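Coordinate analysis (summary)
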Amino acid sequence: QVQLVESGGGLVQPGVSLRLSCAASGFTVNTYAMSWYRQAPGKERELVATITSGDGTTNYADSAKGRFTISRDNRKNTVYLQMNSLKPDDTAMYYCRARILYSSNSFTHIAWGQGTQVAVSS
């Protein structure tokens, strides 16, 4: 059974760092493209970062470039999102997703995690 479990969220002050984890079971994380999404209250869910299967090419939303880093540990079967210099606008529920990517606009959905809440406030 394919399952994704996120952890690592919390309430932090602006400017600090946080690392989210997404533990996978039922498959290995280098098999599928793994992504982090986020959804703020009253807003649509948005793609934050993706690491592709195989060679692990990474892509980021403009809001994440230079501050966030997506990575994976095949031995731990876990995907991470390192978030630095957090801002109040980063406050959201963060979700992990597994997909099969055929192109930038074509994919097959595999699984969502349940989410982990990140709140950035002074």
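Each chain carries its own residue numbering, running from 1 in the direction its sequence is written. Thresholds applied to this predicted model are a pLDDT of at least 70 for local features of residues and 80 or more for the giving and counting of side-chain atom pairs; totals over whole chains, interfaces and linings are not thresholded and use all residues. Hydrogens and water are ignored here; the side-chain numbers use all heavy atoms of the structure.

The next subject is the side chain of S21. Secondary structure follows DSSP: runs of H or I at least 4 residues long count as helices, runs of E at least 2 residues long count as strands, and numbering of each begins at the N terminus. With respect to the helices, strands and loops of the structure, S21 is situated in strand β3 (residues 18-25). Any two residues whose heavy atoms approach within 4.5 Å at even a single point are treated as in contact. Other than its neighbours up to four places away in sequence, S21 contacts V5, E6, S7, W36, T78, V79 and Y80.

To continue, consider the pairing of strand β4 (residues 33-39). Per-residue accessibility, obtained with a 1.4 Å probe over protein chains only, is compared with the maximum for each type, and a residue is labelled buried under 20%, exposed over 50%, and partly exposed between these values. Within β4, 6 of the 7 residues are buried, which leaves the element mostly enclosed by the surrounding structure. Where β4 lies against strand β9 (residues 92-103), 7 bridges are found, and the strand directions are antiparallel. Its bridge partner lying in β9, Q39 is registered against M93. Two strands pair under a simple rule: DSSP has to find at least two bridges between them. By the bridge criterion, 5 bridges tie β4 to strand β5 (residues 46-51) in an arrangement that is antiparallel. Bridge pairing in β5 links M34 to I51. Here β4 folds back onto β5 in antiparallel fashion, the turn holding 6 residues, of which G42 has a positive phi close to 80°.

Judged from the 5 bridges that link them, strand β1 (residues 3-7) and β3 form a sheet pairing that is antiparallel. Within β3, the residue paired with V5 across the bridge is A23. Direction of pairing for β3 relative to strand β8 (residues 78-83): antiparallel, over a ladder of 6 bridges. Bridge pairing in β8 links C22 to V79.

A few words on unusual backbone geometry. You will see that N77, though not glycine, has its phi angle at about 55°, which is positive. Positive phi values are uncommon outside glycine, yet S85 reaches one of about 50°. Here S85 falls in the partly exposed class, since its relative accessible area comes to 41%.

Take the sheet that holds strand β7 (residues 68-73) next. Read across the sheet, 4 strands follow the order β1-β3-β8-β7 without closing on themselves; strand pairing throughout is antiparallel. Across the chains shown, the open sheet's two edge strands, defined by having one partner strand only, are β1 and β7. Each adjacent strand pair in this sheet contributes to an overall mean axis angle of 15°, direction not counted. Angles here are taken between N-to-C directions and fall from 0 to 180 degrees, while the axes themselves are lines fitted to C-alpha atoms, restricted in helices to the stretch in contact.

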